[in-house]
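# Geometric and topological summary
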Amino acid sequence: MRHLTTKAHDVFSMKLYPSLSVLHQLARPSRRPFALAYFEGMRFRAAAADWSEDRKVDWMLGRLRYSVRRAYDETAYYRNLFRRVGFDPWTDFSFDDYARLPVLERQDIVDAGAGLISRAVPAGLLRKDATGGSTGQPTELWLGPEEIGWRDSAADFFRQSIGAPAGSRTAFFWGHHLDPVANDSLRDRYYSFVTNVRWFDCFRLSPEVLERYHREFERWRPACIVAYASALGALAEYIEQKGYRPKYPSRCFITGGEKLLPHHRQAVESVFESPVYERYGSRDAGYIAFQKFPARDFEVDWSNIFVEPESGEASSSVLVTKLHADGFPMLRYRIGDLARFPEGARPGHPALALREVVGRDVDRIWLPDGRWIHGLEMPHLIKDYPVRAFNVVQRADYSIEVNIVPRNTFGDESRRRLLAIMSINFQGLPVKIEMVDEIPRTKANKWRPVISEVKLSQGRPA
């Protein structure tokens, strides 16, 4: 009987509820613009799935020109900026011309205030949003119905493409609005039920909690588990330690929120024997790119987000332009992440794929001469030592503190060897190792393996 009830719930959430939701939204004038934008996003992505790269790039140039002209027409910020730098949006500008526009920084958004809000979208249709503040004060912005519809359709189109469509049994090993304990209203519970979603807090973990989650997952058998990368890694390590043979999820894992480290991917795929897909996005830009094949390149959501490298280097800061930002245009915005771009990628020109998203721009160890070591090297240096958790903090004077949550077998010899290898890799910077009970998370409840306090200007040491 329980099995039949669960199956009926699946059918309702995947087939019946979406149709009822569509009719409900189209019947309400206040919701109709959001619904129409959502359907246009889904329709266009399906129609353009087989386009050639040249056709995609031609379309993007036309859409970019439209977005730039709209920003000039509808916001005081871009009208003043274009006049100041001598950029005429009404010419048929090229990608190289576009690359000469200044990069939009977070501080520019703060300073611009209402100057970045479109005059063309009624205030009642704008929704206020903000970043998680993981690198400082949250950045506030406004979303219009077109951007929201395209943003929501990005997630659903991706899930369809990997065989885990919205409405299929989904466990969010995440945080419900960042704090699942504080947000559990009747409305939230109703929406979770009709969309076939259950939430599992990933911010308050312990062996007892992981055991309880494992048992709940075994009973419910979700098709898909959407998880914070480090939380999923912790679950995989716990399951492996216990020797369990889990029968979930039936289809796949999707990770986000943090960088999925190679050893976590290996542990998850080994323990669960299910594919793991990474998705890349942010609160201020929405979904940016997805892995449609595990451990492969990220495909950029090119019809919604224009992605370019800030420099011609293989690893570069990511700049994004929103192509459907009706309420709050953002052109050449430094998202704060570092990625490996395909060969030949250059500023101003769209990248349709990313080789790897390697982490936050500030997750680098800087050397005084301007060279840097990326934080992804740290897990490789530590993986062979009995370490439960760690992070590396670089102070403003370039010195390094390595905070270690040790396992029982971590002793003086481990400490001595780890200090020696760290000193070599940090190329003469002062290094010290501290034993701690836990590693604190950011304001957005994310684990960052590397945090540098070196003052930066335009992405480089000041």
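Computed from a predicted structure; not experimentally measured.

Per the secondary structure count, the protein includes 13 helices and 22 strands. If one aligns the C-alpha atoms of the protein with their principal axes, the spans along those axes are about 70 × 65 × 40 Å. Taken across its 462 residues, the protein has 53% of its residues classed as buried. Contacts in the protein between residues far apart in sequence, at least 24 positions, make up 66% of those at least 6 positions apart. Counting every atom, the protein has about 21900 Å² of accessible surface; 51% of that belongs to carbon and sulfur. Averaging the locations of the 66 positively and 59 negatively charged side chains of the protein gives two centres separated by 5 Å.

Right, let's talk about the sheet that holds strand E5 (residues 224-228) for a bit. The strand order across the open sheet built from 8 strands is E4-E3-E5-E6-E7-E8-E9-E13, with neighbouring strands paired in mixed fashion. Strand pairing shows two members of the sheet lacking a second neighbour, strand E4 (197-201) and strand E13 (353-354), which therefore form its edges. Examined bridge by bridge, strand E8 (residues 286-290) and strand E9 (residues 298-300) share 2 bridges and lie antiparallel to one another. By the bridge assignment, Ala289 is partnered in E9 with Val300. Where helix H11 (residues 262-272) meets the sheet, it contacts strand E6 (252-256) and strand E7 (276-282), and its direction lies at approximately 140° from that of E7.

What follows is about the packing of aromatic side chains. Tallied over the entire structure, the rule returns 27 aromatic pairs. Ring geometry for Phe44 versus Trp302: centroids 6.0 Å apart, planes at 65°, classification edge-to-face. Of this pair, Phe44 sits in helix H2 (residues 32-47) while Trp302 sits in the loop between E9 and strand E10 (305-309), and the two are 258 residues apart along the sequence. Comparing Phe44 with Trp302 shows no difference in burial state: the two are buried. Geometrically, the ring pair formed by Tyr77 and Tyr78 is edge-to-face, given 4.9 Å between the ring centres and 85° between the ring planes. An aromatic cluster is built from Tyr72, Tyr77, Tyr78, Phe82, Phe87, Phe93, Phe95, Tyr98 and Phe306, whose rings are joined through pairwise contacts. The ring of Phe34 has Arg127 sitting right over it, with the charged end atom 4.6 Å from the ring centre. The aromatic ring of Phe293 is capped on one face by Arg296, whose charged end is 5.4 Å from the ring centroid.

Tyr78, Phe82, Tyr280, Ile288, Val307, Val320 and Leu354 are the most contacted members of the largest nonpolar core, which has 51 residues in total. Looking at this core, the element that brings in the most residues is helix H3 (residues 53-74), giving 6 residues. Dropping the residues within four chain positions of it, Tyr78 is found in contact with Ala71, Tyr72, Leu104, Leu116, Pro329, Met330 and Leu331. Within the second largest apolar cluster, 41 residues are counted, among which are Phe200, Tyr228, Ala236 and Phe253.

What counts, and at which threshold
Residues numbered from 1 in each chain as written. Predicted model: local features only at pLDDT ≥ 70, side-chain atom pairs only at ≥ 80, totals over all residues. Heavy atoms only, no water. Helix = DSSP H or I, 4+ residues; strand = E, 2+ residues; numbered from the N terminus. Buried < 20%, exposed > 50% of the residue type's maximum accessible area, 1.4 Å probe, protein only. Contact = heavy atoms within 4.5 Å. Areas by Shrake-Rupley, 256 points an atom, 1.4 Å probe, with all protein chains shown as cover. Lys, Arg positive; Asp, Glu negative; His and termini not counted. Charge placed at Lys NZ, Arg CZ, Asp CG, Glu CD. Pairing = 2+ DSSP bridges. Axes fitted to C-alpha atoms, helices over the stretch in contact; angles between N-to-C directions. Phe/Tyr/Trp six-rings, centres within 6.5 Å; stacked < 30°, edge-to-face > 60°. Lys NZ or Arg CZ within 6 Å of the ring centre and 35° of its normal. Core = buried A, V, L, I, M, F, W, Y, C linked by side-chain atoms within 4.5 Å.

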